[in-house]
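Structure at a glance
Residue-level listing of the chains:
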Amino acid sequence: RSNEYKSYLRFVNKSEVLDYVDKEQLPVSLGGSNKSLPSSVMENDFQSITEKKQVTFTQQAISQPNHTDGTVKPSKAVYQEKMQLLQISPADTLAFTVQQSNSESAPQVIRMQNLKEVAVAYKVKTTAPEHYRVKPTVGVIEPGQALEVSVQLTPGSAVTASRDRFLVQSTLVNNPIKGDITDFWRGIEPGKVIEHRLKCKVTVNGSPIDDKHDGVANNIYASSSNGDRLAQLDAKLNAIQETVLSTQKQVKSILIIIQLMVVVFLCYTGYILYQEYLLLQESTDKTEL
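Turning our attention to the sheet that holds strand 8 (residues 132–135). If you trace the four strands from one edge of the open sheet to the other, you get 4-6-10-8, paired in antiparallel fashion. Two strands in the sheet have a free side with no partner beyond their single neighbour: strand 4 (86–89) and strand 8. Adjacent strand axes in the sheet meet at a mean angle of 20 degrees when their direction is disregarded. Judged from the six bridges that link them, strand 6 (residues 108–114) and strand 10 (residues 146–153) form a sheet pairing that is antiparallel. The residue bridging Arg 111 from the neighbouring strand is Glu 148, located in strand 10.

Inspection of the secondary structure puts Thr 154 in the loop between strand 10 and strand 11 (165–173). In this structure Thr 154 comes out as buried when scored by relative accessible area, which is 10%. For the pair formed by Thr 154 and Asn 102, sequence separation is 52 residues and the distance between their alpha carbons is 8.5 Å. When near neighbours in sequence (up to four residues on either side) are disregarded, Thr 154 contacts Ser 103, Glu 104, Glu 130, His 131, Tyr 132 and Arg 133.

What follows is about the pattern of salt bridges. Scanning all chains against the criterion turns up four salt bridges. Residue Asp 92 pairs with Lys 199 through a salt bridge whose shortest N-O separation is 3.6 Å. Of the two residues, Asp 92 is situated in the loop between strand 4 and strand 5 (93–98) and Lys 199 in strand 12 (residues 194–204); the sequence distance between them amounts to 107 residues. You can call Asp 92 partly exposed: its relative accessible area is 42%. With a relative accessible area of 35%, Lys 199 lands in the partly exposed category. When the shortest N-O distance is used, the salt bridge between Glu 195 and Arg 197 registers 3.4 Å. Note on Glu 195: relative accessible area 16%, which makes it buried.

Reading the values: the criteria
Residues numbered from 1 in each chain as written. Predicted model: local features only at pLDDT ≥ 70, side-chain atom pairs only at ≥ 80, totals over all residues. Heavy atoms only, no water. Pairing = 2+ DSSP bridges. Helix = DSSP H or I, 4+ residues; strand = E, 2+ residues; numbered from the N terminus. Axes fitted to C-alpha atoms, helices over the stretch in contact; angles between N-to-C directions. Buried < 20%, exposed > 50% of the residue type's maximum accessible area, 1.4 Å probe, protein only. Contact = heavy atoms within 4.5 Å. Salt bridge = Lys/Arg side-chain N within 4 Å of Asp/Glu carboxyl O.

This is the structure we're talking about:
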C-alpha cells in the first residue's frame with residue numbers, strides 16, 4: 001500500500017501550492033490570506049539595512065522540471081524578469097575598491113529607473129547590513145524618473161564582502177501613499193513584489209577577492225591560514241597604533257608639565273630679581289642720606 005500512498009504525494013513550489021491548498025489555509029507569505037499562521041522563513045533570507053543580523057542564502061535555480069510529466073516550467077526568476085518594474089544598473093554586480101582590507105570604499109551607486117506609467121516603490125536589503133552604509137534604503141520613483149542609491153563598504157568589511165548579496169524589491173504604487181512608507185510595505189502582498197538580486201565584488205589594492213562557492217577561499221587569502229595571518233597582522237597593527245597614540249599622549253603631557261615648570265621658574269626668577277632691586281634701591285637711598 002506504500003506505493004499507493006506515494007501517488008498522492010506532490011512536490012510543489014510557492015506558485016503552485018494554491019492548486020492544492022485553499023487560500024484561507026495558507027499564510028500570507030505563501031500567497032494565502034490567513035494572517036494567524038506563521039510567515040515562511042523564505043521571506044527572511046534578506047534583511048533590511050537597519051536589521052543587524054548576519055544571514056545566508058542560496059541562489060535560486062533558473063528553471064525546474066514539472067513533477068508529473070518532466071517538462072520545464074518557468075521559475076520565479078524568469079517570471080520576475082518579465083514583470084520588471086525598474087531598470088537597475090548595475091544589473092548583476094556591485095564593485096567596490098579599497099586600498100587596504102580595513103579601509104572603507106568610495107560610494108557606489110545603484111541606479112533605478114521607473115519603466116512603468118505609475119509610481120514604483122522600492123526597498124533595498126542586504127545579507128550583511130553591518131557591512132554597508134546605504135541611503136536611501138526605501139522610496140518611491142515617479143513614472144519615467146530615475147533615482148540613485150548610494151552604497152558604501154564600511155572599514156574592515158572587505159575580506160568577506162564578496163560573499164554578500166543585495167536585494168532590490170519593487171512594487172507598483174497605484175494609489176498615493178498615506179503615512180510612512182514602511183507601513184505601506186507591510187501591507188504589500190508577497191506576490192506583488194518584484195525582486196532583483198545583486199552580487200558584490202571587492203578589489204583590495206588592485207587584487208580582486210573572488211567569491212568562491214565554499215565562501216572562504218579567494219586569490220588573496222588562498223587558505224584559512226592566510227586569513228588567520230591577516231587577522232593577526234591586523235591585531236598587531238592595531239596594537240602598534242594604540243601604543244603610538246598612548247606615547248603621543250604621554251609626550252604631550254610631559255611637554256605641558258615642562259612648559260608649566262618654565263613659567264614657574266621665570267616667575268620665581270623675576271620675583272627674586274625684583275626683591276634684589278628693591279634692596280639695592282633701599283641701600284642706595286641710605287647711602288645718599
